[in-house]
Amino acid sequence: MAGFAKQIVCLCIAGLASGAFAAPDVRILLDVSAAMSQADPQNRRVGAVEVMLRMLPREAHAGVWTYAQDTQTLIEPGRATGLWRETALIKLPSGLEARGQGMNLFDAVNTARWDAATSKAAGRHLVVVSAGGVSLPDAADGGAGLRQRLLTSRLPELRAAGVTVHTVGVGNNVDRVLLEQLALGTDGYFAVAAAGEDLAGALIKVLDHALPPGRLPRAVAGTFRVDAGIEEITVLRLREQDDPDLVLQSPLGRRLSRTSSRGEVKWHHGQGYDLLSLRDPTPGDWRFRAGAQGDVRVTAVGDLALDLGGLSGVMFPGGPLTFSLAVASQGSQLTDADFLELLDVSAALDTPSAQHS
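These numbers were taken from a predicted model, which means no experiment stands behind them. (Residues numbered from 1 in each chain as written. Predicted model: local features only at pLDDT ≥ 70, side-chain atom pairs only at ≥ 80, totals over all residues. Heavy atoms only, no water.)

A. Just unusual backbone geometry, in detail. Residue D187 is not a glycine yet carries a positive backbone phi of 60°. With respect to the helices and strands, D187 occurs in the loop between α6 (176-184) and β7 (190-193). For D187, a relative accessible area of 33% puts it in the partly exposed group. A positive phi angle, close to 50°, is found at D280, a residue other than glycine. You can see D280 is positioned in the loop between β14 (273-279) and β15 (284-290). (Helix = DSSP H or I, 4+ residues; strand = E, 2+ residues; numbered from the N terminus. Buried < 20%, exposed > 50% of the residue type's maximum accessible area, 1.4 Å probe, protein only.)

B. View of the nonpolar core. Among the nonpolar cores identified, the biggest contains 46 residues, and L53, W84 and L203 are the most heavily contacted of them. In terms of residues, this core owes the most to one element, helix α7 (residues 199-210), which gives eight residues. Formed by 23 residues, the second largest nonpolar core is a distinct cluster that contains L105, V128, V134 and L158. (Core = buried A, V, L, I, M, F, W, Y, C linked by side-chain atoms within 4.5 Å.)

C. Focus on the packing of aromatic side chains. Inspection of the entire model under this criterion finds two aromatic pairs. On the basis of an interplanar angle of 15° and a centroid distance of 6.4 Å, the ring pair of F224 and W286 is categorised as stacked. With F224 in strand β9 (residues 223-226) and W286 in strand β15, this pair connects stretches of sequence that are 62 residues apart. You'll find F224 and W286 in the same group, each marked buried. Taken together, a centroid distance of 5.6 Å and an interplanar angle of 45° make the contact between F224 and F288 tilted. You can see F224 sitting in strand β9 and its partner F288 sitting in strand β15, a full 64 residues away along the chain. Each of the two residues, F224 as well as F288, counts as buried. Each residue in the set F224, W286 and F288 is aromatic and connected to the rest through ring pairs, giving one cluster. (Phe/Tyr/Trp six-rings, centres within 6.5 Å; stacked < 30°, edge-to-face > 60°.)

D. Summary view of α7. Compared with the 16 Å implied by 1.5 Å per residue over 12 residues, the 16 Å span of α7 between its first and last C-alpha is a close match. For α7, the buried fraction is high: 10 of the 12 residues fall into the buried class. Buried within α7 we find L199, A200, G201, A202, L203, I204, V206, L207, H209 and A210. (Expected span 1.5 Å × (residues − 1).)

In structure tokens, the structure reads:
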């Protein structure tokens, strides 16, 4: 997206019929072929997927499958409760071990498909993590026929079913054309992680696009503001091995760290990341005292929630960008015209070269 001169951003406040927001449905396909082990020899994909699972919204439904020449269910689709997450996290290390030369993405997509009874209202998202594409060494055509069927037959069916496909390639041997077309064809997000250590950042960007969180902006000198009414904040830091421990200072001057605040903060110190959540944070300016290098993001849960619709994962230079914004409270959409008129809404598009509002 670099280098475009102008981007027109069109935003409308949604005023649809009120009612509870349906839960999003996210299905994740993880390549466990020998090619993935070669692309990620240090097995950093375990920590990357762990971050993604921990960052799924509580109301989401999710399922995880692994595939090589065949497809296996890592965890059945269900609500992403604490038990669901912990079960998935226990299974991850052994479940992501390489088990074959083939990459039958066509079979994996078919296995993870939605049934006719599943609601499309909340959005269906299929996340594909692949070190290649479709490759079957034992087949006469090497899998070329299934690759073609995936693009010409399954891709239109996925789009018609309201499924948005997000694809992340890992390493230097990905089938970029295939993964790009799957994402482009469904308005999804596409990225390439050059190595396993880049995968966590790519998967978080997938979640940012598929299920936009309530992000708190960071100000100068590593501060961020927490307003009254925010029920919980979550801080995610993707870190390198030599990064110092993360320390937060509250508006009252209290310092929170991994070793000193276990009773009040849920703190996960995983492979390549720190993730902490704090309920009922003190309103005011919070500050990072240490460990704020690199990619640190703060998300919030409060009285109001935002829901974005129609935001494409692909934006072309100079073209208009149109999406809708709905506001909810306690799971129900707000439609009161007097309240909506009080909102001050703006949109900004960050690009590698500039920001366009």
